[in-house]
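Below are the chains, spelled out letter by letter.
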Amino acid sequence: APTSTGGMFIGPFYNYFMASAFWLGKMSPYTVGFVNNSWAVITLVMIFFVAKKLNGVLAAAFSFFLALLSFQFLNHLPPLLFPLPLISLLIYYLLAQKKSKPLLLGMLAGVALHLHFTALFFLPMIFFFKTLKVGLFLGTVFLFSLPLFIFDLRHSFLLSKNFFIFLSQKNDLEFNFLSQLGNSLTNCLGNLSSLFFPASLFLPGFFISFLLI
C-alpha cells in the first residue's frame, strides 16, 4: 500500500496481520473497528503497567485516566498506525531498563518500519539512550525488515531513492528557533488542554465512561 509520501510503500506485515484478522472475523466489515479498539485497550493497559513499573501506582492511575478520558487518544490515527503508540511505549519501557534487550528492541523497531517510515527515527534514539550489542540489534531489525529490503532490491532501490528525495526537500520559509520553540510550547499546551472533557461534561462524562468500560 502507498504512503502519503510519494513513491514510498508500507511493509507487508500489516496486510498479513489484517488478513488473519478478517479470516478470524469471517470477512465482517466490523473487523477493522474491532482490531483498532483492541489496540486501544491494550495500549491503555500497557500505559498503566509501564507507569506503575517506572513511577508507581499514583502515576499509573493518573496516566491511565488521562488517556481513558481523552477525546484525542488514538482518535485521528488511521488503522495502519494504531499499533505505533504501543510500540513506542514498549521501546520507551525497554530503554528504561538497566539490562539492554537488543532482540526485543530490534523486533519492535523492525515491526514499526512496516507501519510508517518515520520509525527509522527509533534507530538513532535507541543507540543514543542504550548501550547494546549493535550486531544483534541491527541483525534483528534487518530480519524483521527483510520484505522491505527485498522490495527495494527488486525495484531498483525505489524506496531508498524516494526517501532520500523526501529528506532533501527544502522550503523557503525562514527558520527562527525562538518562534519555533514558542509554537511548539503553544501546541503542547493546546494538546494537553484538549485531553480533558469540558468542565460542564467532566462528571457526567466520567460516570458514563466508567459504566461503558
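Further up the page is the structure itself.
Residues numbered from 1 in each chain as written. Predicted model: local features only at pLDDT ≥ 70, side-chain atom pairs only at ≥ 80, totals over all residues. Heavy atoms only, no water.

**Comments concerning the packing of helix 4 (residues 83–95) against helix 6 (residues 122–129)**
Viewed as axis vectors pointing N to C, helix 4 and helix 6 meet at an angle of 15 degrees, and their least axial separation amounts to 10 Å. As summarised for this structure, helix 4 and helix 6 are arranged roughly parallel, according to the angle between their axes. In this structure, helix 4 crosses over helix 6, and the sense of that crossing is right-handed. Seen from helix 4, the contacting residues are Leu 84, Ile 87, Ser 88, Ile 91 and Leu 95; seen from helix 6, they are Phe 122, Met 125, Ile 126 and Phe 129. (Axes fitted to C-alpha atoms, helices over the stretch in contact; angles between N-to-C directions. Helix = DSSP H or I, 4+ residues; strand = E, 2+ residues; numbered from the N terminus. Parallel < 35°, antiparallel > 145°, perpendicular 65-115°, else oblique. Left-handed = near helix turned anticlockwise from the far one by under 90°. Contact = heavy atoms within 4.5 Å.)

**Concerning the packing of aromatic side chains**
Per the counting criterion, the structure on display carries 7 aromatic pairs. Between Phe 13 and Phe 17 the ring centres are 6.4 Å apart and the planes differ by 20 degrees, which places this aromatic pair in the stacked class. Remark: Phe 17 and Phe 13 occur in helix 1 (residues 13–24); sequence separation between them is 4 residues, near one turn of the helix. An angle of 85 degrees between the planes, with centres 5.4 Å apart, marks the rings of Phe 64 and Phe 65 as edge-to-face. With a relative accessible area of 21%, Phe 64 lands in the partly exposed category. (Phe/Tyr/Trp six-rings, centres within 6.5 Å; stacked < 30°, edge-to-face > 60°. Buried < 20%, exposed > 50% of the residue type's maximum accessible area, 1.4 Å probe, protein only.)

**Looking at the layout of surface pockets**
The calculated volume of the largest pocket comes to roughly 450 Å³. In terms of lining, the largest pocket is formed by 24 residues, of which the most central are Leu 113, Leu 120, Leu 148, Phe 149 and Leu 159. Of all the elements in the fold, those that place two or more residues in the lining of the largest pocket are helix 7 (134–144), helix 8 (146–154) and helix 9 (158–168). The dominant element in the lining of the largest pocket, judged by the number of residues it contributes, is helix 8, at 4 residues. Looking at side-chain class alone, the lining of the largest pocket contains 17 nonpolar, 6 polar and 1 charged residues. (1 Å grid on protein atoms, 1.4 Å probe; cavity = no way out; pocket = protein on both sides within 12 Å on 5 of 7 lines; lining within 4 Å. Points joined across faces, edges and corners; volume = space filled by probe spheres on them. Nonpolar A, V, L, I, M, F, W, Y, C, P; charged D, E, K, R; others polar.)

**Side note on unusual backbone geometry**
The residue Ser 156 is not glycine, and still its phi comes out positive at about 55 degrees. Note that Ser 156 resides in the loop between helix 8 and helix 9. Non-glycine residue Phe 157 carries a positive phi angle of around 55 degrees. Along the chain, the position of Phe 157 falls in the loop between helix 8 and helix 9. Given the relative accessible area of 46%, Phe 157 is considered partly exposed.

**Describing the nonpolar core**
Ranked by internal contacts, the top residues of the largest apolar core, which has 41 residues, are Ile 87, Ile 91, Leu 105, Phe 122, Ile 126 and Phe 137. Counting only elements with at least two residues in this core, the list comes to helix 1, helix 2 (31–55), helix 4, helix 5 (102–113), helix 6, helix 7 and helix 9. Of all the elements, helix 4 adds the most residues to this core, at 8 residues. Sequence-distant contacts of Ile 91, that is, excluding residues within four places in its chain, are made with Leu 105, Leu 108, Ala 109, Phe 122, Met 125 and Ile 126. (Core = buried A, V, L, I, M, F, W, Y, C linked by side-chain atoms within 4.5 Å.)

**Focus on the environment of Met 125**
Of note, Met 125 is situated in helix 6. Between the C-alpha atoms of Met 125 and Tyr 92, which are 33 residues apart in sequence, the distance is 9.9 Å. Setting aside residues up to four positions removed in sequence, Met 125 forms contacts with Ile 91 and Leu 95.

**Some remarks on a nonpolar patch on the surface**
Taken together, the side chains of Phe 127, Val 134 and Leu 138 present a nonpolar region at the surface, about 230 Å² in accessible area. Among the secondary structure elements, Val 134 is positioned in helix 7. A relative accessible area of 41% means that Val 134 is categorised as partly exposed. (Patch = residues over 30% accessible without salt bridge, like charges linked within 9 Å, V, L, I, M, F, W, Y side chains within 5 Å. Areas by Shrake-Rupley, 256 points an atom, 1.4 Å probe, with all protein chains shown as cover. Salt bridge = Lys/Arg side-chain N within 4 Å of Asp/Glu carboxyl O.)

So yeah, pure geometry; function would need other evidence.
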